Protein chains: 2
Amino acid sequence: MTSVGLVTPQAMHFAEPLPLRSGAQLRDYTLAYETYGTLNAARDNAVLVCHALNASHHVAGRHADGAVGWWDNLVGPGKPLDTERFFVIGVNNPGSCFGSTGPTSPNPDAPGQPYGADFPVVTVEDWVDAQARLVERLGIDRLAAVIGGSLGGMQALAWTIRHPARVRHCLAIATAPSLSAQNIAFNEVARRAIVTDPDFHDGHYLQRGAVPKRGLRVARMLGHITYLSDDVMDAKFGRNLRNGEPVYSTQAIDFQIESYLRHQADKFAEYFDANTYLLITRALDYFDPARDAGGSLARAFEPARGNRFLVVSFTTDWRFAPERSREIVKALVDNRIAVSYAEIEAPHGHDAFLLDDARYHALLRATFDRIAAEMAA
Amino acid sequence: MTSVGLVTPQAMHFAEPLPLRSGAQLRDYTLAYETYGTLNAARDNAVLVCHALNASHHVAGRHADGAVGWWDNLVGPGKPLDTERFFVIGVNNPGSCFGSTGPTSPNPDAPGQPYGADFPVVTVEDWVDAQARLVERLGIDRLAAVIGGSLGGMQALAWTIRHPARVRHCLAIATAPSLSAQNIAFNEVARRAIVTDPDFHDGHYLQRGAVPKRGLRVARMLGHITYLSDDVMDAKFGRNLRNGEPVYSTQAIDFQIESYLRHQADKFAEYFDANTYLLITRALDYFDPARDAGGSLARAFEPARGNRFLVVSFTTDWRFAPERSREIVKALVDNRIAVSYAEIEAPHGHDAFLLDDARYHALLRATFDRIAAEMAA
């Protein structure tokens, strides 16, 4: 198995406004994206990969600066999502901070200023609509599949509700049909840490030459805890002390886990935009297709009766626990929609969807093999 | 069942220094405490109640300002811990902020200044030693029992390891023999939120007329999430919106759970000392009797062979899960120590230990009945 090699991000501009769920609109916007593999003559081998909170369009291969795509273990020549057979698209969602129009982009209503806190609230549904326009522009009437994990899985699900005729298969991994109160609560703590950082300046920190790094660090530390299982944290760090013996300090690092979290937090605060963090956690909070269908998740999936699904969860994922995936499966089964469900026994918690667990990748490989066979038929 | 009624906190000063585990010492100190009921002639009916993170010596009854004790549902005339039979002692631990010597007290080494960040790091063992001195001064050679939940349960356990001859029964509720990496990680996020608040001023905020309320609020919100079960949060708040419809904002309150957490956080930041929060979370982190016994929890409890134990856990407590209580039980059984263990099916998560679940309170009542019967024998 090799990598897709050096890749260069592309950008596509959309002059027509994007109407948003909130009632506002994005006046015009650019999407950063990457593609891997070749679109076949029938134009039926395209797979869209949707990203989660802090990822981007850079799914596979490496950039000139050496940065490797976030799902490079899955996507490439000979890999489970095989770029010798599929044309794979990664796209950065609007509101993000990796090249698509977002809070750090110029605000057309305030010349010379970035959007900052004035960037409109975007939802999973808005993202999917933006992605659908990109796919259309790429000359693809119907995707072979849409795939995503976590927040990306929510987008994959939303495709089958909003644009069911434009996609065949949906692969929804480590996701949920909505956030629980606890999930929302964790997001809210992260947001409060950012918003109450004096360097936040009501979201217009860029104009002040400031970055609310303290808040971003706290948000990232907290997020990180929810991505890992209790068990894997115990296995990796346990109660190990950095110096073998306690130093008895309230502020110095004593336990290895503290050192790890602070390091992750420092890295994150250097590159991630605070307004984007607020927007993306809100998109998570607001996703709730059942609510749109009078409280019935089964009714929400009625439009998806022509689609086929793979739903995957991981046993130690306590952020989006297997029972949340089973809610999705039940709603699909209630519609007599073809769904395969796998609950993978993996120790890594929510992060497992990014790792190359053998059973998990074998399952994805077999699924994409089947999708490819359908195309050839 | 009635209340113990109006109670007045008392204070006892200790002129002899308290040697601390860190190697430092507390030069002299005052302990705030309360007692309920009457010490009998044999002086064998005393029960010590140990408090957790944000509680105090005010266990039962009410103060002149109306404040009700934190375990008033358990302690009082005719209640499970019956003050008609037992002499109950509540004591505020040094380092806390409710009357005992702590970071807001005058620093003897810096006349005119409070301790602030210079208050020494205190451990569960240090607290137990301080409590033992108070108990001695009250003329009690041996406690009938020591009881505590959460961090209070750790103190109850430590009594049987450090002062086993001075206590008969240990009731350790919703506790653990040490924090997991995940537990430490949550504490570390809370501490970072406090320490990086610009109003923290390296822990000497009082001299600056400041209070790091932003950090305290984040710490409290986070703590609150870990005290409640996912299920009870869903039952209480679910995805309920404050205005029935989403307002689509990254900063305004939209979900009820957000409103609840912000309210709790605001209340907490008004009364809790930030340095105390750091000290108490550190005491939690450092508690690890197995480490002191070469890594064996069973060996750690060897001194406790003359004690009797009740260990209680709650099924939905994910902060200190039942499996952590079972580690304690196993270590006791390995020593052939008499232990009763109950895993109470309760929906409320870690907070269950403070509530009056019928089965839980019946169990405590029966246990104290037995302890009282032993005294009479």
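Higher on the page you've got the structure.
Predicted model, so just to flag it, every value in this text is computed and none were measured. (Residues numbered from 1 in each chain as written. Chains lettered and ligands numbered in written order. Predicted model: local features only at pLDDT ≥ 70, side-chain atom pairs only at ≥ 80, totals over all residues. Heavy atoms only, no water.)

**Student:** Looking at this model, I keep getting lost on the overall build of chain A. Mind explaining?
**Tutor:** Regarding its fold elements, chain A presents eleven helices and twelve strands. Rg of the C-alpha trace for chain A: 21 Å, near the compact-globule value of 21 Å for 377 residues, within the 12% margin. Referenced to the eigenvectors of the C-alpha coordinate spread, the extents of chain A come out at roughly 65 × 50 × 45 Å. In chain A, which comprises 377 residues, the share counted as buried stands at 62%. Counting only contacts in chain A whose residues sit at least 6 apart along the sequence, the fraction spanning at least 24 positions is 71%. Carbon and sulfur atoms make up 48% of the accessible area of chain A, which amounts to about 13,400 Å² in all. (Helix = DSSP H or I, 4+ residues; strand = E, 2+ residues; numbered from the N terminus. Rg over C-alpha atoms; globule rule 2.2 N^0.38 Å. Buried < 20%, exposed > 50% of the residue type's maximum accessible area, 1.4 Å probe, protein only. Contact = heavy atoms within 4.5 Å. Areas by Shrake-Rupley, 256 points an atom, 1.4 Å probe, with all protein chains shown as cover.)

**Student:** Help me understand the side chain of Asp82 of chain B, please; the structure alone is not making it clear to me.
**Tutor:** Residues and elements named next belong to chain B. Mapping Asp82 onto the fold places it in strand S7 (residues 81–82). Buried charged residue Asp82 carries no salt bridge. Nearest counter-charge: Arg85, at 4.2 Å. A polar side-chain atom of Asp82 sits 2.9 Å from the main-chain amide nitrogen of Gly78. Discounting residues that sit within four places of it in the chain, Asp82 has contacts with Gly76 and Pro77. (Lys, Arg positive; Asp, Glu negative; His and termini not counted. Salt bridge = Lys/Arg side-chain N within 4 Å of Asp/Glu carboxyl O. Polar contact = N/O pair within 3.5 Å; in protein donor to acceptor, adjacent residues only side chain to side chain.)

**Student:** I'm lost on the layout of surface pockets in this one. Help?
**Tutor:** If a probe the size of a water molecule is rolled over the atoms, the empty space left behind becomes visible. What the largest pocket holds in volume is close to 1,000 Å³. Taken together, 40 residues make up the lining of the largest pocket; nearest its centre are Asp230 and Trp318 of chain A together with Gln182, Asp317 and Trp318 of chain B. Secondary-structure elements contributing two or more residues to the lining of the largest pocket are helix H3 (181–195), helix H5 (230–236) and helix H10 (322–334) of chain A together with helix H3 (181–195), helix H5 (230–236) and helix H10 (322–334) of chain B. Taken together, the residues of the lining of the largest pocket sort by class into nine nonpolar, 14 polar and 17 charged. (1 Å grid on protein atoms, 1.4 Å probe; cavity = no way out; pocket = protein on both sides within 12 Å on 5 of 7 lines; lining within 4 Å. Points joined across faces, edges and corners; volume = space filled by probe spheres on them. Nonpolar A, V, L, I, M, F, W, Y, C, P; charged D, E, K, R; others polar.)

**Student:** What should I look at first to understand the relation of the copies chain B and chain A in this one?
**Tutor:** Expressed as a screw transformation, the operator carrying chain B onto chain A has a rotation angle of 180° and an axial translation of 0.0 Å, and the superposed copies differ by an RMSD of 0.0 Å. Classification of the inter-copy transformation places it as that of a two-fold axis. A share of 100% of the interface residues of chain B reappears at the interface of chain A, consistent with the copies meeting face to face through the same patch. (Least-squares fit on C-alpha atoms with pLDDT ≥ 70 in both.)

**Student:** Just to check I follow, could you spell out the sheet that holds strand S5 (residues 46–50) of chain B for this structure?
**Tutor:** Backbone hydrogen bonds are what pair the strands of a sheet, in a parallel or an antiparallel way. Residues and elements named next belong to chain B. The mixed open sheet is built from eight strands, whose spatial order is S1-S4-S8-S5-S9-S10-S11-S12. Only two strands of the sheet have a single neighbouring strand rather than two, namely strand S1 (10–14) and strand S12 (339–344). Averaged over all pairs of adjacent strands, the angle between strand axes in this sheet comes to 20°, irrespective of strand direction. Of the pairings in the sheet, the one linking S1 to strand S4 (residues 29–36) comprises five bridges and is antiparallel in character. Bridge assignment links Gln10 to a residue of S4, and that residue is Tyr33. Here helix H2 (residues 151–162) sits on the sheet and contacts S5, strand S9 (143–149), strand S10 (167–173) and strand S11 (308–314); the angle it forms with S9, its principal contact strand, is near 145°. Set on the sheet, helix H11 (residues 358–376) makes contact with S5, S9, S10, S11 and S12; between it and S10 the angle comes to about 175°. (Pairing = 2+ DSSP bridges. Axes fitted to C-alpha atoms, helices over the stretch in contact; angles between N-to-C directions.)

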